[in-house]
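# Breakdown of the fold
So you can see what is in the structure, the chains are spelled out below.
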Amino acid sequence: MIEVRNVNKSFGDKHVLKDINATFKPGNVNMIIGRSGSGKTVLLKSIIGLHVPETGDIFFDGREFIRANMKFKREIRQEIGMVFQGGALFTSQTVEENIMFPLNLFTNWSKAEKLKRVNFCLERVNIQNANHLYPSEISGGMQKRVSIARAISLNPKYLFCDEPNSGLDPQTAILIDRLIKEITIEYDITTIVNTHDMNSVMEAGDSINYIHEGQNWWQGGREDIFNSDNIELNQFVFASELCKKIKKVSG
Amino acid sequence: MRLLTTIGKYFVLMSSVFAKPVKLRIFIKRVLEEVEQIGMDSIWIVSIVSIFMGAVLTLQVAINFEAPYIPRYLIGLSARDTMILEFSSTIICLILAGKVGSNIASEIGTMRITEQIDALEIMGINSANYLILPKITAAIISFPVLNLLSIILGIAGGYLVSAATGVVSVYDYIYGLNYLFVPFYVTYSLIKICVFSVIITSVSSFHGYYTFGGALEVGKSSTRAVVYSIILILLFNLILTQLLLT
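Conventions adopted
By convention here, each chain's residues receive numbers from 1 onward along its written sequence. A letter from A marks each chain and a number from 1 marks each ligand, given out in the order of writing. The model is predicted, so local features are restricted to residues of pLDDT at least 70 and side-chain atom pairs to those at 80 or more, both for listing and for counting; the totals for chains, interfaces and linings are taken over all residues. Numbering of helices and strands starts at the N terminus; helices are DSSP runs of H or I of at least 4 residues and strands are runs of E of at least 2. A radius of gyration in this sense is built from C-alpha atoms; the matching globule rule multiplies 2.2 Å by the number of residues raised to 0.38. Put simply, a residue is buried when 20 or more other C-beta atoms lie within 10 Å of its own C-beta and exposed when 12 or fewer do; between those, it is partly exposed, and each C-beta is set from the backbone. Throughout, a residue-residue contact means that the two C-beta atoms, derived from backbone geometry, are no farther apart than 7 Å. Axis geometry follows a simple rule: fit a line to the C-alpha atoms, using only the stretch in contact for helices, then measure angles between N-to-C directions, giving values from 0 to 180 degrees. The labels follow the angle: roughly parallel below 35 degrees, roughly antiparallel above 145, roughly perpendicular from 65 to 115, and oblique for the rest. By the definition used in this description, the sense in which the near helix is turned from the far one sets the handedness, with an anticlockwise turn below a right angle giving left-handed and a clockwise turn giving right-handed. Gly is placed with the polar residues, together with every amino acid not listed as nonpolar (Ala, Val, Leu, Ile, Met, Phe, Trp, Tyr, Cys and Pro) or charged (Asp, Glu, Lys and Arg). Core membership is restricted to buried Ala, Val, Leu, Ile, Met, Phe, Trp, Tyr and Cys residues, and these are joined into a nonpolar core through C-beta atoms within 7 Å. Here the limits of each domain have been adopted from an automatic or database domain assignment.

### Here we look at the overall build of chain A
Each helix and strand counted, chain A has 10 helices and 10 strands in total. Taken over C-alpha atoms, the radius of gyration comes to 19 Å for chain A, in line with the 18 Å a tight globule of 251 residues would show. Along the three orthogonal principal directions, the C-alpha set of chain A runs to about 55 × 45 × 30 Å. Taking all 251 residues of chain A together, 41% fall into the buried category. A separation of at least 24 residues holds for 66% of the contacts in chain A among residues at least 6 apart in sequence.

### Points about the packing of helix α6 (residues 127–165) of chain B against helix α8 (residues 184–209) of chain B
All names here are of chain B. The geometry of α6 relative to α8 is characterised by a closest axis approach of 8 Å and an angle of 150° between their N-to-C directions. One finds that α6 runs roughly antiparallel with respect to α8. Between α6 and α8 lies a crossing whose hand is right-handed. Of the residues in α8, those in contact with Ala128, Ile132, Lys135, Ile136, Ala139, Ile140, Phe143, Pro144 and Asn147 of α6 are Ser189, Leu190, Ile193, Cys194, Ser197, Val198, Ile200, Thr201, Ser202, Ser205 and Tyr209. Among the residues forming the contact of α6 with α8, the class breakdown is 13 nonpolar, six polar and one charged.

### Here's the deal with the packing of helix α4 (residues 73–113) of chain B against α8(B)
Residues and elements named next belong to chain B. Taken N-terminus to C-terminus, the directions of α4 and α8 make an angle of 20°; their axes are 8 Å apart at the nearest point. Here α4 lies roughly parallel to α8, going by the angle between them. The two elements α4 and α8 cross, and the hand of that crossing is right-handed. Along the lines of polarity and charge, the residues of the contact of α4 with α8 split into 15 nonpolar, 12 polar and four charged.

### Re the interface of chain B and chain A
Facing 13 residues of chain B, the contacting portion of chain A comprises 15 residues. Ranked by residue count, the leading element in the side of chain B that touches chain A is helix α5 (residues 116–122) of chain B, at five residues. Class assignment for the residues of the side of chain B that touches chain A results in six nonpolar, three polar and four charged.

### Some words on the nonpolar core
Counting 121 residues, the largest nonpolar core has A:Met82, A:Ile99, A:Phe160 and B:Ile200 as its most contacted members. Considering each element in turn, this core owes the most residues, 14 residues, to α4(B). Each of domain 1 (2–79 + 158–250) and domain 2 (90–155) of chain A accounts for three or more of the residues forming this core.

See below:
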């Protein structure tokens, strides 16, 4: 479980995160949603320590993270898997080398054991015969799946996904959403997904945090989102004409 | 104030760079890869520049030493000492600052803007140590070799031009090469190039590591890396010469 307590973060005069409180449970796909510039990426990066909040606390299963020393932070980070918006695969390495990378650094496994794990992870994300291809030689959807494979290679306790569907077609996006959901349940991971794609929310979201102007404006389940009378949330969720029509039809 | 902040940031980064690598085997592998990229891939440019520099240097000295009271063997001596003292260390490093420095800054800068450095950090890896220390180590290993290669090829370039054009006889040129040789000059040249190798790799890595934005910023970082490396090389050339030769 990840707990965020009273987190504040500013860049110069701009107060980006305003007293954020949230709890992210294991075995759930926890969604952080919000408009562009609302502060959701800053929140995600603050949780994993890429930004340092001015005030507040973040706990990974009760372990204080923000004020921990770098050695302890690195130990916690070895339990984290991260899927970046652009994949962040190492372009100079093949698919196999990318997934083997954390295994090389943090395990003492033999080459055969590492290769077995790589192939297992690739199979888990439905990729075959791509071991020796470079990231530039595979599609955007495949890059995302390789990124997920790399993120789960060390059996993480926490999985973070920053806009995993950006730039993908709707069908591939659904596949990625389902994959994240399956992996979360299968390994009982605490997953946090940062997105503004409502399809993703409906496909995979268990618990939703709506960030508006740097505040955790609304929290609830997937079903609650349609019944909420929160004006800002409704404006975000039912922004498209299609969603407006669905709402109208469903009453 | 901004300069002080930059210097501070540089030393903070270097304190992360000079840490114990996660795995020695992987570190050695990375160093060997960098030796190939930084050292081996620079052999051709160092060779071409050195041969032509040695040749031109010999021609120019020969033209300027035409007075009958100046012994002709001084042409060989001048070519030798100029190559050892200045050309093969300072000039070669100014060229390498352009080739290697811009390459390092753009490589690390691209890794920064494509979140590959963030990915390393999230995995619990000291990204500065993982990316930069092998480059500095590889430069310290390979630059002195390039320096010695440059000295040899520069002198050979002078030999070729003297044999081909006859501006100085081969006998005089070789006699000059052996005349009043000071072995410490080679040590001085090697010390200088070791310092310059650290400057080029660390300054370029620093500018790449702190790239923020997009492709345009990577280009700007690359340019800054080359400019600051060159300025620091010239400054440290002066300081080291004052310290070691006077």
